Structure formats: C-alpha cells, structure tokens
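For reference, the chains in residue letters:
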2 protein chains.
Amino acid sequence: MAEFDLIERYFTFEYDFTQASNGSANNKSSQKNKKPKVVKGIGDDCAIFEIPEKYQLVTSTDTLVDGVHFFSDLEPELIAHKALAANVSDLAAMGAKPLAFTLSISLPEVNQDWLKSFSEGLKNASKLFKVPLVGGDTTQGPLNINITAYGSVKKGRLLERNNAEVGDDIWVTGYLGEAAAALELYDKALVQKAALNHSEAELWKALTQPIPPLKFARKLTKLSRCGLDISDGLTADLGHILSKSQCGAKVCVESLPVSEALVNFVGLEQARQYALNGGDDYQLCFTASSKHRNKILNLAERCQINVTRIGKVQDEGLQLNLNGQPFESNRVSWQHFNQ
Amino acid sequence: MAEFDLIERYFTFEYDFTQASNGSANNKSSQKNKKPKVVKGIGDDCAIFEIPEKYQLVTSTDTLVDGVHFFSDLEPELIAHKALAANVSDLAAMGAKPLAFTLSISLPEVNQDWLKSFSEGLKNASKLFKVPLVGGDTTQGPLNINITAYGSVKKGRLLERNNAEVGDDIWVTGYLGEAAAALELYDKALVQKAALNHSEAELWKALTQPIPPLKFARKLTKLSRCGLDISDGLTADLGHILSKSQCGAKVCVESLPVSEALVNFVGLEQARQYALNGGDDYQLCFTASSKHRNKILNLAERCQINVTRIGKVQDEGLQLNLNGQPFESNRVSWQHFNQ
C-alpha cells in the first residue's frame, strides 16, 4: 500500500475546521473574538495556522519508542491514546489550549489490523482531547511514533518553569505513582493475559490511558505563572522548576496524593516512593500564591479533577519531610540513556 | 548520559532570538514592522511563537529512517543536513520563510563521535537555512530522526497544490534526477570508499547535501499560487498538483533540466528517466501564468538558481512528449510501503 493511500485510509479523520473560523472582517468586534485556528490540515506539504495578535502559538514534540514508552504488545489503540496524551500533556504544562497535532509514524510493515486499531485509538483520543490531526507522514522502519502538538495561549498567560517564588504553595493534580507501579503488571496483563483485579485495572488504566488535566491547566493560567507536567517523576520535574526558578522547596510526603488502588497494590510506603519518583504520570505540578488556595480548589472541582497542596517553595534545597521528619527517597527518577 | 545533558551538550546552539523581536509598542508603525518570531526556544516543555495578524504559521513534519532516507554509514553531519533540508523543502513548497525547527531523535546508544558530527552538521545546516533549533527530545531506540519545521507566510501568498490553471506554464527549479542516480554510487562511495570522479561527486553531493531554493520560493509567491517540492519524483509530485487542481499537463521531456554530471554518468536517455521518476530532488515544481515568464527568469537569476519551463497545464491527462512524440516513462516513482 502506498503512503498516500495509507494516510487516506487510516489518518484522515473528519473535522469541521470552518467552525473555528471567525470570518475575515476587520472591524473591532471581530478582532476581539478572533481565535487561533487551523486553516489547512492534511493534504498539502504543510499544515497552516492563524494566530491572532493576542495569542501565542505553543508547540511540543515527543517520540514514543517501543520498550521505552510503550509495549508493542499493547493494543495499538492504547498506544495511540498514550502518544497523543503525552503530547497534549506538554501543552497543558504551559497552560495552552490544544489546537492541532501532526503524526509521524514509522512502521515495520503495513499490518491492516494494527493500523485499524491504532487509527481508532488515535481518533478517539483526538475527540477526547478536542484536538484534530492536521498532517504528518508515514515511513517504513522500526516502530516509532512521533507527535507534534500545537496549542495556543493568551500572551502573558503561560505557565513557565522559572516563575516559582519563595513562599508559593506547591500543588499537584490527580494521583501520582500509579503508572510507575503498573509496570509491575506487565507480565500479568500482557504475557499471561490474566484478569486484573479492580485496583490493578485502575493502575493499568493510569499507565495506558492517561488523561492530562487540559481544561484545568488552561484555566489555571489566571491563578498561576509556574508549572510543568510530571512525566519524569515528581522530584525530577519539581527539580526543573526549582533550578529554573533558582529556589528550593519543602515537600510534605504525607500529603502526596496516592490512590487507594496504589496503596492496595504496593502498600503505603512504596506508594509514596512511586509518587515521588515514578514517571509517566502526565499530571501537573504548579506553584501559586497562598491567596489563591480557595480559587484553585474551586477550579479543580469545576473541572472534576483532584488537586493537592504538597508543599511550599523555599530559598534552597529540596527537603522531603514525612510528618516533620526527613524522608529518604529511594531511587532515581526515570532518565533516558542512563547507562 | 542523561537526556538533559545530551540536549545541553549537543543540541543547544547559540541564537539571538531577540534580534527578531520588535518590542511590544502597539502603535501603527510598529504593527506594520512586526515579524513572526520565536519567543521561547529550548528549555521548557514547549517552544513558543508569535505570528502577527497578516501572517500564517506553516508547519511540516518529516521522519528520516535508516536505509529508507539515508544510509547510517554516511557521515552523521550529512545525515543531519539532509534531515533539515528535507523539512525546510516542505516550507519552500508552500512559499514560506523558515522560522524554527524542532528535532526528535531516537538513538540506539550514546555515541559521542556520532553525536558530535551530527550536531555539527545540524548546526551548519541550521545556519545555512537561517532556521534555529528551538526544541525537541531524545529517546533511546532504533535510529530515527524526526524534524518539524515552522515557517511563516503572508496571508494570501501560499503556494498550494490546488491552484494550477489550464494554460499556465509548468516550471521546475534546479536539476532533476541527480539524487536518484547517485544511489548507484552507494557501493563505491560507502563500501569501497573509492574516490569519486568529478561528475560522480556532484551527484553524490546532490543526494547527500540538497539545498532547497528557499529564497526563490519565498519571492515566487508574488508570481505563482501553485507549487510543491519534488521529493517523490517529478511525475508523482506533478500528479498531486494535477489531481488537486483537477486538470492535466503536457511535459516536454527534452526540456527537463538534466545536468552534465548526470548525463555523463548514465547517458541522456536514462538521465531523463531519472529526472521524471527519481526521488529526493528537493527542488520546486510550480505553475505560473505565461505573462510572468521574464519575471520568473529574473528572480531565478537574482537568487542564483536554475529554473526551467518544462510544459503547460492542460485540461486533463499527463502527457509526456519528446520532441513532439509520446514518451514512455519506464518506472514508477518512489513510494513507501510498495510491496
């Protein structure tokens, strides 16, 4: 099957781009309502965007490789979901609203069943995250999935890594550590194909079908200037905020949001280690002034997500405390190329 | 070596983004001079762009895989050059000016010599094409190089595939077929590592160091509305224009620009076949009204590139003539996944 047929059959989803358009009139009221939009999707050499004056275009790219970011024996529709989730999570990390994405995929062969399932998963994730596929390419080679995601944010409203201020609260969304713990289920789920119990199934879902808090992140830009997504583990990612903002933090380990499913599976102590050091969470870590506490809690409620205050920004160091006593974190975070 | 160190050491080039900035004053004259710009490069979750009102952002993504788009035994700096060239060629195909690019690279291992050479080649190509690296990621996996390129074009000035009109001239830039012919040199150049003669060296350079006609493409948008880059072979790529524009074409095979080097290497007849069907040319094919002939020739001269009128847009079909007689093209163009 030729590349063009393959794109046409599996990667051309139906979207109505015109609905995002606001006409071309140039008067003040239409200027005011102008939104960033995709003006050309799949079918030419490039995808085209228009970004009105008061917005910035935000873009992020991530590659997923077999054995590193996913297991190739996982259902292809779950691989597709995760690839897109990981990328829109980077947009959430900046407080941006997803606008579109492109897919570059290398495939060892044209396997129709695989492609059908992958395409289905991608289409569903694309609808779930409200982000259209607007281009990309397919090549023959070892399985490699690259997605570039595009989003927009109003000027002055970015969540950045270097804006933490001493005295700020430190918050995280969702529950941490589930995805890392779920790696222990690989054999059971994919080799033995045994039934998972309720807790296990929940962890497996966190690993294979993460849902970044997109809406919350976008609205959060009114209350915070500093955040990122937790993809390499809380301590590593919080470390990026601290080094870029040239400050330190105290984290209360007893406050870390660990789910009942995780505690059932590995016990409270190991759950905390996973929450501190596990990767693949695709939740947000952000800082905000303590005067915004109630607004943040209300926003989370409106967005139907969990949000937890886990510590404070301080002058220097990264201090982990459990009920006031120093706590030792027992492993390094995920890094590619650690040898 | 951790991912962050690797990016810092090999993929952080020095650019002065501020020079592209035009301040934030909001009066009319500053509005008029506003240019698209990169406001944030490497170091956060995303890269950020500002695209003034009268511009559109154009983006394209391409993956290069070992054995398909390059030979891994080629010098890494040439692999880097080609990866970036293939992507900025897609911008040229739309008439866009390069603004930035991101790199996602999967590497089987951290080989410092390989990375040093690749990084050097990427930096040089980045300077040559005047396009800064603003983000990306590195992962462990089979060698896979994905680049997403970003460019800008004034509204209403895009080169698109669907704008050919019956009676238009058909033009191509540069010389065709050299890269495809150069594949015959693989053994000599990379296995035997024998010296190439003058013609062979020229072909090898066309394959490994293509230079898309970026400046010409950008200026061409005043004279043409329809074009693309020839990466899959002239007949295949011209075919895209014809099907999207719902028209046909007559191509005069004797007019095809074949270089002396190519004719020396394979003879005139095979040179024409390569020119029609060879891939990897990264030249432009475009259509324009015959009233613009002189302007197009003058523009090409100013941009120091070759440009050739090879035929005319007609109602239907793709007719290949050699001195008025039907000409038979002897092979299909390059397609991924042809099995």
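Attention in this report is confined to the structure presented alongside it. None of these values were measured; they are calculated from a predicted model.

Taken together, the side chains of Lys35, Lys54, Lys97, Lys130, Lys154, Lys215, Lys219, Lys222 and Arg302 of chain A define a basic patch exposed on the protein surface. Along the chain, Lys35 of chain A falls in the loop between α2 (28-33) and β1 (37-40).

Looking now at the packing of helix α7 (residues 198-208) of chain A against helix α10 (residues 260-277) of chain A. Residues and elements named next belong to chain A. Axis separation between α7 and α10 bottoms out at 8 Å; the angle between their running directions is 115°. Between α7 and α10, the angle falls in the class roughly perpendicular. Once α7 is placed against α10, the crossing between them reads as left-handed. The segment α7 lies against α10, with Ser199, Glu200, Glu202 and Leu203 engaging Ala261, Leu262, Asn264 and Phe265. When the residues that make up the contact of α7 with α10 are grouped by side-chain class, the tally is four nonpolar, two polar and two charged.

The next subject is the side chain of Asp62 of chain A. Tracing the chain through its elements places Asp62 of chain A in strand β3 (residues 55-65). Buried within the structure, Asp62 of chain A lacks any salt-bridge partner; Arg161 of chain A is the closest side chain of opposite charge, at an N-O distance of 9.2 Å. In this view, Asp62 of chain A contacts Ala86, Asn87, Asp90, Ile145, Asn146 and Ile147 of chain A together with Ser104 and Asp137 of chain B; residues no more than four positions away in its chain are not counted.

On to the relation of the copies chain A and chain B, then. Expressed as a screw transformation, the operator carrying chain A onto chain B has a rotation angle of 180° and an axial translation of 0.0 Å, and the superposed copies differ by an RMSD of 0.0 Å. Both chain copies can therefore be described as sitting about a two-fold axis. Residue by residue, 100% of the interface of chain A is reproduced at the interface of chain B, so both copies engage with the same surface.

So, on to the pairing of strand β6 (residues 144-154) of chain A. Residue and element names in this part refer to chain A. Summarising burial for β6: 10 of the 11 residues are buried, a large majority. Strand direction decides the pairing type here: β3 and β6, joined by 11 bridges, are antiparallel. Across the sheet, residue Tyr55 finds its bridge partner in β6, namely Lys154. Note: strand β4 (residues 97-107) against β6, nine bridges, orientation antiparallel. Each bridged residue has a counterpart across the sheet, and for Ser106 the counterpart in β6 is Asn144.

Parameters at a glance
- Residues numbered from 1 in each chain as written.
- Chains lettered and ligands numbered in written order.
- Predicted model: local features only at pLDDT ≥ 70, side-chain atom pairs only at ≥ 80, totals over all residues.
- Heavy atoms only, no water.
- Patch = residues over 30% accessible without salt bridge, like charges linked within 9 Å, V, L, I, M, F, W, Y side chains within 5 Å.
- Areas by Shrake-Rupley, 256 points an atom, 1.4 Å probe, with all protein chains shown as cover.
- Salt bridge = Lys/Arg side-chain N within 4 Å of Asp/Glu carboxyl O.
- Lys, Arg positive; Asp, Glu negative; His and termini not counted.
- Charge placed at Lys NZ, Arg CZ, Asp CG, Glu CD.
- Helix = DSSP H or I, 4+ residues; strand = E, 2+ residues; numbered from the N terminus.
- Axes fitted to C-alpha atoms, helices over the stretch in contact; angles between N-to-C directions.
- Parallel < 35°, antiparallel > 145°, perpendicular 65-115°, else oblique.
- Left-handed = near helix turned anticlockwise from the far one by under 90°.
- Contact = heavy atoms within 4.5 Å.
- Nonpolar A, V, L, I, M, F, W, Y, C, P; charged D, E, K, R; others polar.
- Buried < 20%, exposed > 50% of the residue type's maximum accessible area, 1.4 Å probe, protein only.
- Least-squares fit on C-alpha atoms with pLDDT ≥ 70 in both.
- Pairing = 2+ DSSP bridges.

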